[in-house]
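# Structure assessment
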Amino acid sequence: MSLEAITKIRAVEDGMEQARADARAQAQKLAADAEREGRALLQKGREQAAAAAAEALKQAEAQAAKRRDEILAKAAKDCDALKKDAGARLDKAAKAILGRVVDS
């Protein structure tokens, strides 16, 4: 083989080796970029899930407060009705007791 042919072969081999090294470096960069983007998406998903959970909790607390207010209002109304009924019965009971005492 001539020196010129050996030089050409060596240049081609060096070029191929450099191309392989560049390809490896690019593959590593792509993998690192994909991993970084995946972690960012995962973090974003976690943040969105946390925000959704916080909003659901806020809505549940608002509904619970509304229901509590409704229950308290109904209980107050029921108490007023019971007091009114007890007041009416008290007058009847007092009259009945007085009637029995007087009749004795």
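Please refer to the structure placed before this passage.
A brief structural summary. (Residues numbered from 1 in each chain as written. Predicted model: local features only at pLDDT ≥ 70, side-chain atom pairs only at ≥ 80, totals over all residues. Heavy atoms only, no water.)

### Quick look at the side chain of Asp33
If you trace the backbone, Asp33 turns up in helix α1 (residues 3–103). A polar side-chain atom of Asp33 sits 2.4 Å from a polar atom in the side chain of Arg36. (Helix = DSSP H or I, 4+ residues; strand = E, 2+ residues; numbered from the N terminus. Polar contact = N/O pair within 3.5 Å; in protein donor to acceptor, adjacent residues only side chain to side chain.)

### What to know about the pattern of salt bridges
Going through the model one piece at a time under the given rule, you end up with nine salt bridges. The closest approach of N and O atoms between Glu17 and Arg20, which form a salt bridge, is 3.2 Å. Within this pair, Glu17 and its partner Arg20 are both found in helix α1, separated by three residues, close to a single helical turn. By relative accessible area, Glu17 is classed as partly exposed at 41%. (Salt bridge = Lys/Arg side-chain N within 4 Å of Asp/Glu carboxyl O. Buried < 20%, exposed > 50% of the residue type's maximum accessible area, 1.4 Å probe, protein only.)

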